Amino acid sequence: DYAECLRVIDEQIKNTHGLCEYALYIKGLIKRQHGEIAESLQLFQAAAVLNPQNPDILKQVGRSLFVQIVLI
């Protein structure tokens, strides 16, 4: 149930004042899966700010950028 997952994720992001890298990452995956590419890119970029050395996050930033370019 994506709606319930997003509710829990949003609660976690709120409780950590946007500093939960994992919650941002998972929300970005869900948003991109639902076609919300710009929002997913913002979420991945926010996670990358928190942990710029995480290759998984950087890979997702690249994937979201690629999908944006393909859709243009």
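Residues numbered from 1 in each chain as written. Predicted model: local features only at pLDDT ≥ 70, side-chain atom pairs only at ≥ 80, totals over all residues. Heavy atoms only, no water.

(A) Structural detail: helix α2 (residues 21-33). Its 13 residues give α2 an end-to-end C-alpha distance of 19 Å, which sits within 8% of 18 Å, the value for a rise of 1.5 Å per residue. Those residues of α2 lying buried are Ala 23, Leu 24, Tyr 25, Lys 27, Gly 28, Ile 30, Lys 31 and Arg 32. Those residues of α2 that are buried are in contact with α1 (2-15), α3 (37-50) and α4 (55-71). (Helix = DSSP H or I, 4+ residues; strand = E, 2+ residues; numbered from the N terminus. Expected span 1.5 Å × (residues − 1). Buried < 20%, exposed > 50% of the residue type's maximum accessible area, 1.4 Å probe, protein only. Contact = heavy atoms within 4.5 Å.)

(B) Geometry of the packing of α1 against α2. It is at 10 Å that the axes of α1 and α2 come closest, and there the two elements cross at 145 degrees. Like other packed secondary-structure pairs, α1 and α2 cross with a definite hand, here left-handed. Along the contact surface, α1 presents Tyr 2, Cys 5, Leu 6, Ile 9, Asp 10, Gln 12 and Ile 13, while α2 presents Ala 23, Leu 24, Ile 26, Lys 27, Ile 30, Lys 31 and Gln 33. Each residue belonging to the contact of α1 with α2 can be placed in one class, and the counts come to nine nonpolar, two polar and three charged. (Axes fitted to C-alpha atoms, helices over the stretch in contact; angles between N-to-C directions. Left-handed = near helix turned anticlockwise from the far one by under 90°. Nonpolar A, V, L, I, M, F, W, Y, C, P; charged D, E, K, R; others polar.)

(C) Highlighting the pattern of salt bridges. Here the structure, examined in full by the defined rule, presents six salt bridges. Of the charged contacts in the structure, one is a salt bridge between Asp 10 and Lys 27, with a shortest N-O distance of 2.5 Å. Within this pair, whereas Asp 10 is found in helix α1, its partner Lys 27 is found in helix α2, the two being separated by 17 residues in sequence. A residue is classified by how much of its surface remains accessible, and Asp 10, at 35% relative accessible area, is partly exposed. The buried category is assigned to Lys 27, whose relative accessible area is 12%. For the salt bridge of Glu 36 with Lys 31, the shortest nitrogen-to-oxygen distance reads 3.3 Å. By relative accessible area, Glu 36 is classed as partly exposed at 32%. Assessed through its relative accessible area of 12%, Lys 31 is described here as buried. Overlapping salt bridges bring together Glu 4, Arg 7 and Glu 11 as one network. (Salt bridge = Lys/Arg side-chain N within 4 Å of Asp/Glu carboxyl O.)

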